[in-house]
Amino acid sequence: MLKSSIAGLLLTTALAFALPARAQQASTPVAALPWFTQAEFSATVIIPAPRRDIPSAPGTRGKGIRLAGPVALVDPLLRRDEGMISFWVRPDWNGDDGRGHRLLSIGDPTRNGLLVEKAASGMLRYVMASPEKVTAARWDVSGWRKGEWHHVAVSWFSREGKPIGLPLWIDRVAVDGPIAGGCTFLNPEAMPNRAVTVGDASSEATMDELIFRGRLDAEGPHGQIAEVYRDYFRTAPYDGVKVDPEPLRVPADHRAVAGQPKQLGALAHRNGRWEPITDYAVRYGQWAEFDAKPLLRWTSSDPEVAEVNPDGRVQAKRAGSCTISLALRDWRASYPLEVVPAELPDLGLICLELLPRYRSDALKDRPLAGETVTARVRLGNFGTVPLPAGAGVRLELVGVDPDEPSTCPLKPKSVKAFTASPDRPLAPGEEAAVEFPFTFPAKPLWMRVRLDPSNTIAELCEANNELAERTDARPIHMGYDPKVLAACLKERRMNHVGSFSYYDWLRAQKLRMDVMLREAVWPTTGPKGVEEYYRVDAMTALTSGNLDDQPYGKESVWFDGGFPVNEPVDLMAIDAAIIHEFGHTILSQPDLYGYPVQARNVLLTDGAGKPLADTPLLPVLDGSGTLALPSAINLPCGAAYSSLMVDCHLWLHPSQAGHIMHYRGYRPDRFWGTQGRLIPTRSNALLVTDLEDRPLKGAAVYVYGVANPPVNDSGAKYFADRPKFVGQTDSEGRFVFPGQTDEGWDDPDTDEVDGAVDVWNPFGRAKTDTAFTPNVWGVEGLLLLKIVSGDQMELQWLDLTQFNTEFLSGHTVSGLYPVRTSLNPATEPTPVVRRPVPEPVRKTNRRPVAVADPEVTVHCGQEYTLDGSRSHDPEGQPLLYRWSVDGDWLRTDGTQEAICRLKAPDSPTTLTYRFYVMDGVRSSEAVQVRVKVVR
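This write-up is about the structure you can find in this document. (Residues numbered from 1 in each chain as written. Predicted model: local features only at pLDDT ≥ 70, side-chain atom pairs only at ≥ 80, totals over all residues. Heavy atoms only, no water.)

## A closer look at the overall build of the protein
Step number 1: Regarding its fold elements, the protein presents ten helices and 53 strands.
Step number 2: Relative to its full complement of 935 residues, the protein shows a buried share of 59%.
Step number 3: A total of about 36800 Å² of accessible surface is found on the protein, and carbon and sulfur atoms cover 51% of it. (Helix = DSSP H or I, 4+ residues; strand = E, 2+ residues; numbered from the N terminus. Buried < 20%, exposed > 50% of the residue type's maximum accessible area, 1.4 Å probe, protein only. Areas by Shrake-Rupley, 256 points an atom, 1.4 Å probe, with all protein chains shown as cover.)

See the structure below:
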């Protein structure tokens, strides 16, 4: 019998009918395959082995299944409304081999079942079929190579019995997640058997660690991301682990200080490289919540020297040495930890200034070649005892290899070197500076600073003695609270760098952003990585009072961004909120909070005039009325974690980093990412494909942009029931964006009267070079697509990040933006149907008028009404009503009436309502209604 590591199947109490009575009592039981599993789950229920031998091959651990023919596995937990299947696959083919390879199927993938395959087109396809419709999620895996392991997860989920979507995960990223589109999911009760068929003769691959889940919350309330990440770390094909003394991915001292904490992390080896499997971050959600920490076991050889907790946090006790051991599954690693005494000096860098500085809005924005500039090295003693005079400081100018990655080369070629030292001893907390004049080079150089280059000083921290910045890097500016700076040293508050210097912690935030930027920008700039550089040029103390009166604010004109940190921090972690602000101030990125759209704000209707929002075509994702979200910000169907600019996760979308390739070395007026120069040509098109990834010919396409009624809240961004662009796909499936909006389009921000408006990009008419700012208040960078093929319809979102990614990673000026549908081609071209615009509206569509009593007085506990029925529209169009109280909407589904019937609270108070009406496109001015509740 095969002994391998294909993992267990999670089973929930909702499927108790399939289990013995003893197993029904388990809260989250696991239906495991012990005949070839090594993944560890609790509350295991045994599933018997197949009756015949299965061809084996080396797996992620032990042996896996050689997919040479179909293998049937009994799945007693298969559910119609929710589930997940994940596995590792190692193909014996390249992704671009032009052939199809089936990996897994359930039932009939054309009418009632599920299929995962690599298609001849190079797409990994996840297909879910019900009698009503077939839906496909897919992703291009043409870059896969023979012999490499990849993790795949597919899932399906519903809300209140309504199907939502079908996320596809590849290597821990939710790459696609189409809405189910008016169908139910597969129906296990209608299947002849509940077997999962793994592989067939076309597979030519090895599969391992297959996991079935009947619920998506078995790992906690975070849903699918926790399931995918934890199963990934449980089962990944690692061949070794080691302790990481720099687990926050920025420089840190490898030693510990007596009486102080030291954070350790873990690395695991796979595909020839070490990858982080732990992270430590604070403020807002992080992938660190779902990493491998719960699977690790830490021990110390001598708790009298240092203890270690389950998260790898060491507490050093006294000077000495001990061994910290780490275990993950069958792998072991050890780390010799040295604990140094706390009574030592600490020579540490603060920042490297380059003088003179130039205003960031000046035409001459940098020194010219041949000018004399000064590198001013700020440093200090952040130890607990005085630092003697004579500490050495060395500055090297290092040549730049044009083909180097974005970090300083490991073996630099020095062009020129300077040395100096502070002219006096430094007491604890005392600062100093040394200056190095040099001639500004015609070509960029690295400026590499080293403190104590001969390593003659025994000090607390060795990780804050070196820094490398480029002469062409853009200067940024950090502000800090001097009370925190002093308290860190006085109270001996250690940071993750390994020092008592608050400056080190501040600089580490920017260094972590550099790591994120390098990883994110790869798809849009190629192997070189980042092509623009940022350096911390100043650290300025904040004072009490208004920020505009601070030295930081007054000096900001000299810098290209930064952040004043004047809030509580966790010194032993990376602070994602600060890095998020760097996204604005350094990278000029927009907030993306506005992209989630409420059902009440999508005014599209079907042929009978009923709203399409909160229907199977556009289902509500959660109880707040949020619709299924656009996939480009890595939120397909709510399946994945969002990027830095959405929820401050330590992940940056490639489109957010890509603009730096095009603006290297320049400091123009600030703009939000690439939006202002997003599409320098009008030759842009959607490339629409059908269910089988073929061009969808002759489909009718309706593109809806955001109407912007002038109401100052996030609920004021609507998709009106008039398309901005209309047309049909051609024989290649292309829908080319016209040079003008459709004549029926009416946008209150651009045209007061209906009619065609010249546009230069699909999202809006540019008033300035910065056309729009999708941020916490808006969704301007979002389009809603309605695609009709024969009698089939599909709704999809297309957002700015998709445009940025496709444009910036393309090799031509013209942009092609894939829209992969689950539609079938029609026998004839589908006609475009335009709704008639009322004749009075064609002349001038004036704003409607909201009318309500401004003040109402009621008694505690009394029922009362708010009456907006006297509101009207000048052209007599039907009205939509919107009420909110103290910033919260009374209803989230858009069904509010002109008259609200409410009940007063039991205690005296004053309630403030905002009321406005819409005619379908334009909004009234908001009316404020104050309700005084008295005894």
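## A closer look at the pairing of strand β31 (residues 393–399)
Step number 1: Across the seven residues that make up β31, a large majority, five, are buried.
Step number 2: With six bridges connecting them, β31 and strand β32 (residues 414–420) associate as antiparallel partners. When the bridges of β32 are listed, valine 393 appears paired with alanine 420.
Step number 3: Note that β31 and strand β34 (residues 445–451) share seven bridges and pair antiparallel. What sits directly across from leucine 395, in β34, is valine 449. (Pairing = 2+ DSSP bridges.)

## What to know about unusual backbone geometry
Step number 1: In the segment running from leucine 355 into proline 356, the intervening peptide bond is cis, with an omega of 0°.
Step number 2: Relative to the elements of secondary structure, proline 356 occurs in the loop between β29 (347–355) and β30 (372–381).
Step number 3: Positioned with a positive phi, arginine 172 is a non-glycine residue whose angle comes to about 70°.
Step number 4: Its identity as a non-glycine residue notwithstanding, asparagine 455 has a phi of 55°, on the positive side.
Step number 5: Checked against the element boundaries, asparagine 455 lands in the loop between β34 and β35 (466–470).
Step number 6: Under the relative-accessibility criterion, asparagine 455 is labelled exposed at 52%.

## A short note on the side chain of glutamate 875
Step number 1: The topology assignment puts glutamate 875 in the loop between β48 (863–867) and β49 (880–885).
Step number 2: Setting aside residues up to four positions removed in sequence, glutamate 875 forms contacts with Pro840, Val841, Thr844, Asn845 and Arg846. (Contact = heavy atoms within 4.5 Å.)

## Regarding the nonpolar core
Step number 1: Counting residues in each nonpolar core, the largest one holds 50 residues, and the members touching the most others are Trp169, Phe233, Tyr238, Ile277 and Leu337.
Step number 2: With six residues, helix α2 (residues 224–235) is the single largest residue contributor to this core.
Step number 3: Dropping the residues within four chain positions of it, phenylalanine 233 is found in contact with Arg172, Tyr238, Ile277, Trp287, Phe290, Asp291, Ala292, Leu295 and Arg329.
Step number 4: Core analysis: the next-biggest nonpolar cluster, separate from the first, contains 44 residues, Cys488, Ala508, Ala576 and Leu652 among them. (Core = buried A, V, L, I, M, F, W, Y, C linked by side-chain atoms within 4.5 Å.)

## Considering the pattern of salt bridges
Step number 1: Counted by the stated rule, this structure contains 51 salt bridges.
Step number 2: Note that arginine 125 is salt-bridged to glutamate 692, the shortest N-O span being 3.7 Å. Residue arginine 125 is found in strand β10 (residues 123–129), and its partner glutamate 692 is found in the loop between β40 (684–689) and β41 (700–704); the two are separated by 567 residues along the sequence.
Step number 3: A residue is classified by how much of its surface remains accessible, and arginine 125, at 4% relative accessible area, is buried.
Step number 4: Bridged by salt links that share partners, the residues Glu353, Arg357, Arg376, Arg378, Glu431, Glu435, Arg535 and Asp537 form one connected network. (Salt bridge = Lys/Arg side-chain N within 4 Å of Asp/Glu carboxyl O.)

## Examining the pairing of strand β7 (residues 83–91)
Step number 1: With nine of its nine residues buried, β7 lies for the most part within the structure.
Step number 2: With seven bridges connecting them, β7 and strand β12 (residues 150–159) associate as antiparallel partners. Bridge pairing in β12 links phenylalanine 87 to valine 152.

## A look at the layout of surface pockets
Step number 1: By volume, the second largest pocket amounts to about 1100 Å³.
Step number 2: As for the second largest pocket, its lining consists of 43 residues, of which Leu603, Leu604, Thr605, Asp721 and Arg835 are closest to the centre.
Step number 3: Taken together, the elements giving at least two residues each to the lining of the second largest pocket come down to β41, β44 (782–789) and β49.
Step number 4: When grouped by side-chain class, the residues that make up the lining of the second largest pocket number 21 nonpolar, eight polar and 14 charged. (1 Å grid on protein atoms, 1.4 Å probe; cavity = no way out; pocket = protein on both sides within 12 Å on 5 of 7 lines; lining within 4 Å. Points joined across faces, edges and corners; volume = space filled by probe spheres on them. Nonpolar A, V, L, I, M, F, W, Y, C, P; charged D, E, K, R; others polar.)

## What to know about the sheet that holds strand β27 (residues 320–328)
Step number 1: Read across the open sheet, the four strands follow the order β19-β28-β27-β24; overall the sheet is mixed. Here the strands that pair on one side only, and so sit at the sheet edges, are β19 (256–257) and β24 (296–300).

## Some words on helix α6 (residues 576–585)
Step number 1: Counting buried residues in α6 gives eight out of ten residues, a clear majority hidden from the surface.
Step number 2: If you check which residues of α6 are buried, you get Ala576, Ala577, Ile578, Ile579, His580, Phe582, Gly583 and His584.
Step number 3: You can read the cap of α6 off the contacts: a side-chain oxygen lies 3.1 Å from the backbone nitrogen of alanine 577, and it is on aspartate 575. (Polar contact = N/O pair within 3.5 Å; in protein donor to acceptor, adjacent residues only side chain to side chain.)

## Re the packing of aromatic side chains
Step number 1: Across all of its chains, the model carries 17 aromatic pairs by this definition.
Step number 2: Plain terms: the ring middles of tyrosine 480 and tyrosine 503 are 5.2 Å apart, the flat faces sit at 75° to each other, and that makes the pair edge-to-face. Taken as a pair, tyrosine 480 in strand β36 (residues 474–480) and tyrosine 503 in helix α4 (residues 502–525) lie far apart in primary sequence, 23 residues in all.
Step number 3: Residue tyrosine 480 is classed as buried on the basis of its relative accessible area of 7%. (Phe/Tyr/Trp six-rings, centres within 6.5 Å; stacked < 30°, edge-to-face > 60°.)

## Let's talk about the sheet that holds β29
Paired through their backbone hydrogen bonds, the strands of a sheet run either parallel or antiparallel.
Step number 1: Taken together, the three strands give an open sheet; going across it, the order is β29-β30-β33, and neighbouring strands pair in antiparallel fashion. Every interior strand has two partners, whereas the edge strands, β29 and β33 (431–439), have only one. Within the sheet, the average angular offset between the axes of one strand and its neighbour, ignoring direction, is 20°.
Step number 2: As defined by bridge partners, β29 adjoins β30 across eight bridges and the pair is classed as antiparallel. Paired with leucine 347 across the two strands is asparagine 381, which belongs to β30. (Axes fitted to C-alpha atoms, helices over the stretch in contact; angles between N-to-C directions.)

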